[in-house]
Amino acid sequence: MGEAEYEAERADTTRPGRGLGIASLAIGASGLTLAVATWAAWLIVRPPLVSAWVFSWVAQAFVLVLGALWFALLPISVLALVFGVHAGARTRPSAGRIGATLAVITALLALSGAAVFATTSWRHVGPPIAYFDTQTGPPR
């Protein structure tokens, strides 16, 4: 009888904790929400609209914050994915599997947003990364 209790106790201690699955689910859901909200803000304030704003420095700051959010979502999604995998996402359906799935979707949204941010050409506003002004003319 003592050996059976030892085996049951050993199985409980070697099984990944449920807390990692819940943490993965929470981080994945909040990351996905932030990624979708960042994309929504980006689509509302597109580069052509930003160049028409009177206070272009406010527009630049807003756009840079959106870009920073996309880059900040990448390690968040990796953390949620690692927690989900360690919670047993590959072996059984659980909160860890849902969290890992949300983390993958968040990573894809963040990568596509970071790519859009890095390659968008900005007229009269300023360079996030890939814009180089080679025209001569009046100062901005």
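Preceding this paragraph is the structure being described.
Every value quoted in this text rests on a predicted model; they were computed, and no experiment measured them. (Residues numbered from 1 in each chain as written. Predicted model: local features only at pLDDT ≥ 70, side-chain atom pairs only at ≥ 80, totals over all residues. Heavy atoms only, no water.)

### Quick notes on the environment of Ala118
Line of reasoning, step 1. Along the chain, Ala118 turns up in helix α5 (residues 95–119).
Line of reasoning, step 2. Residue class for Ala118 comes out buried when judged on its relative accessible area of 17%.
Line of reasoning, step 3. Separated by 51 residues in the primary sequence, Ala118 and Gly67 have C-alpha atoms spaced 8.2 Å apart. (Helix = DSSP H or I, 4+ residues; strand = E, 2+ residues; numbered from the N terminus. Buried < 20%, exposed > 50% of the residue type's maximum accessible area, 1.4 Å probe, protein only.)

### Digging into the packing of helix α2 (residues 18–44) against α5
Line of reasoning, step 1. Remark: α2 packs on α5, axes separated minimally by 8 Å, with the N-to-C direction vectors making an angle of 30°. Our classification of the angle between α2 and α5 gives roughly parallel. In the packing of α2 onto α5, the handedness of the crossing is left-handed.
Line of reasoning, step 2. A breakdown of the residues in the contact of α2 with α5 according to their chemical character gives 17 nonpolar, nine polar and no charged. (Axes fitted to C-alpha atoms, helices over the stretch in contact; angles between N-to-C directions. Parallel < 35°, antiparallel > 145°, perpendicular 65-115°, else oblique. Left-handed = near helix turned anticlockwise from the far one by under 90°. Nonpolar A, V, L, I, M, F, W, Y, C, P; charged D, E, K, R; others polar.)

### Considerations on the side chain of Ser77
Line of reasoning, step 1. Mapped onto the elements, Ser77 comes out in helix α4 (residues 56–86).
Line of reasoning, step 2. At 2.8 Å, the side chain of Ser77 and the backbone oxygen of Leu74 are in polar contact. (Polar contact = N/O pair within 3.5 Å; in protein donor to acceptor, adjacent residues only side chain to side chain.)

### Quick notes on a nonpolar patch on the surface
Line of reasoning, step 1. Together, Leu81, Val85, Val104 and Leu108 give the surface a local cluster of nonpolar side chains, amounting to about 300 Å² of exposed area.
Line of reasoning, step 2. Among the secondary structure elements, those contributing two or more residues to the nonpolar patch are α4 and α5.
Line of reasoning, step 3. With respect to the helices and strands, the residue Leu108 is situated in helix α5.
Line of reasoning, step 4. Take Leu108: its relative accessible area is 56%, and that puts it in the exposed class. (Patch = residues over 30% accessible without salt bridge, like charges linked within 9 Å, V, L, I, M, F, W, Y side chains within 5 Å. Areas by Shrake-Rupley, 256 points an atom, 1.4 Å probe, with all protein chains shown as cover. Salt bridge = Lys/Arg side-chain N within 4 Å of Asp/Glu carboxyl O.)

### A short note on the nonpolar core
Line of reasoning, step 1. One finds Ala35, Trp39, Ala41, Trp42, Val63, Leu66, Trp70, Leu73, Ala110, Ala114 and Phe117 forming the largest nonpolar core, which totals eleven residues.
Line of reasoning, step 2. Going through the elements one at a time, α2, α4 and α5 are the ones with two or more residues in this core.
Line of reasoning, step 3. Apart from the residues lying within four places of it in its own chain, the contact partners of Ala110 are Trp70, Leu73 and Leu74. (Core = buried A, V, L, I, M, F, W, Y, C linked by side-chain atoms within 4.5 Å. Contact = heavy atoms within 4.5 Å.)

### Describing the packing of aromatic side chains
Line of reasoning, step 1. As enumerated under the stated definition, the model contains four aromatic pairs in all.
Line of reasoning, step 2. With a centroid separation of 5.1 Å and 55° between ring planes, the pair formed by Trp39 and Trp70 is classed as tilted. Here Trp70 lies in helix α4 and Trp39 lies in helix α2, a separation of 31 residues in the sequence.
Line of reasoning, step 3. The exposure class assigned to Trp39 is buried, which follows from its relative accessible area of 18%.
Line of reasoning, step 4. Ring plane angle 80° and centroid distance 6.3 Å describe the contact between Phe71 and Phe117, whose orientation is recorded as edge-to-face. (Phe/Tyr/Trp six-rings, centres within 6.5 Å; stacked < 30°, edge-to-face > 60°.)

### Side note on the side chain of Thr38
Line of reasoning, step 1. The residue Thr38 is located in helix α2 in this model.
Line of reasoning, step 2. Taking the relative accessible area as the measure of exposure, Thr38 reaches 2% and is therefore buried.
Line of reasoning, step 3. If near-sequence neighbours (up to four positions away) are discounted, Thr38 is found in contact with Leu66, Leu69 and Trp70.

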